[in-house]
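For reference, the chains in residue letters:
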Amino acid sequence: MTVRSPTIAAIDLGTNTALLLVARRGDGGALETLEELCVTPRLGSGLARTGSLDASAMERALDALRHFARTIERHGVDARRVRAVGTACLRRARDGADFAQRVQRETGLTLEIVSESEEARLGELAIELAGAGADALVVDVGGGSTEIACRELGL
């Protein structure tokens, strides 16, 4: 009998896109993708001009996150095995923390606004899990920031 690992979910809410991955470890330890979604709510629209999140952009992002929350629930993912991160636009927006609280209230998802270094670390970890070595130079070009990481170089 095969024992399956717990199902996990990861959400990346960026300046332009919202990404969801629902996965588990399959036989032999390989990551088995159960669902992968990408939506383009463009949460950072207007941010450079105003310093705040645009009301319609927030609604688009919330719609995407509501859909993600339903998808996560449909897969039976334990809430302790969900990590949702917000990146550059939420770090910059003066109302980013307020938006994260609204996400919690309206979707049940805990949205963590991560630092640039944590965002880079997560990108590097994803590449490593895909089979790249410690010497891989990871350049994550996003809609609102670019992170560079390389474990071997200490970046």
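Numbers given to residues run from 1 along each chain, matching the order in which its sequence is written. Per-residue local features are limited, in this predicted model, to residues with pLDDT of at least 70; the limit for side-chain atom pairs, both in listing and counting, is 80 or more; totals at the level of whole chains, interfaces and linings are taken over all residues. Note that water and hydrogens are dropped before the side-chain values are worked out from all heavy atoms of the structure.

## As for the pattern of salt bridges
The condition is simple: By salt bridge we mean one thing: a side-chain nitrogen of Lys or Arg within 4 Å of a carboxyl oxygen of Asp or Glu. Working definition: helices are DSSP H or I runs of at least four residues, strands are E runs of at least two. Numbering for both runs from the N terminus. Whether a residue is buried, partly exposed or exposed follows from its accessible area with a 1.4 Å probe, protein chains only, as a fraction of its type maximum: under 20%, in between, or over 50%, in that order.
Evaluation of the coordinates by the stated rule reveals nine salt bridges. Where glutamate 35 meets arginine 74, a salt bridge forms, and the shortest distance between an N and an O atom there is 3.2 Å. Here the residue glutamate 35 occupies a position in strand β3 (residues 31–39), and arginine 74 occupies one in helix α2 (residues 55–74), the gap between them amounting to 39 residues. When its relative accessible area of 18% is taken as the criterion, glutamate 35 is described as buried. The shortest N-O distance in the salt bridge between arginine 80 and aspartate 78 comes to 2.6 Å. Its relative accessible area of 73% is what places arginine 80 among the exposed residues.

## Describing the environment of alanine 100
Keep this limit in mind: Only heavy atoms enter the contact rule, under which two residues are in contact if any of them lie within 4.5 Å.
Along the polypeptide, alanine 100 turns up in helix α4 (residues 96–107). Of the residues examined, alanine 100 reaches a relative accessible area of 10% and is grouped as buried. Along the sequence, alanine 100 and glutamate 112 sit 12 residues apart, while their C-alpha atoms lie 7.3 Å from each other. Excluding residues within four positions of it along the chain, alanine 100 makes contact with Leu111 and Ile113.

## A look at the pairing of strand β2 (residues 18–25)
This is how it is decided: We treat two strands as partners when DSSP finds at least two bridges between them.
Where strand β1 (residues 8–13) and β2 come together, six bridges link them in antiparallel fashion. Its bridge partner lying in β2, alanine 10 is registered against leucine 21. In textbook terms, the turn of a hairpin is the stretch between consecutive antiparallel strands, and for β1 and β2 this stretch comprises four residues. Bridge analysis of β2 against β3 gives eight bridges, and the strand direction is antiparallel. Bridging across to β3, leucine 19 finds its partner in cysteine 38. Taking the residues that link successive antiparallel strands as the turn, the β2-β3 hairpin has five residues, and the phi of glycine 28 there is positive, at about 80°.

## Focus: the nonpolar core
Worth spelling out the cut-off: Definition of nonpolar core: a set of buried residues of the types Ala, Val, Leu, Ile, Met, Phe, Trp, Tyr and Cys, connected through side-chain atoms within 4.5 Å.
Core analysis: the biggest nonpolar cluster contains 28 residues, and Ile11, Leu13, Leu43, Leu90, Phe99 and Leu111 have the highest contact counts within it. Contributions of two or more residues to this core are made by β1, β2, α2, α3 (88–92) and α4. Residue contributions to this core peak at nine residues, all from α2.

## Comments concerning the environment of leucine 13
Structurally, the position occupied by leucine 13 is in strand β1. In this structure, the C-alpha to C-alpha distance between leucine 13 and cysteine 89, residues 76 residues apart in sequence, is 9.0 Å. Leave out the neighbours within four places in its chain, and leucine 13 touches Ala18, Leu43, Ala61, Leu65, Val85, Gly86, Thr87, Leu90, Phe99 and Leu111.

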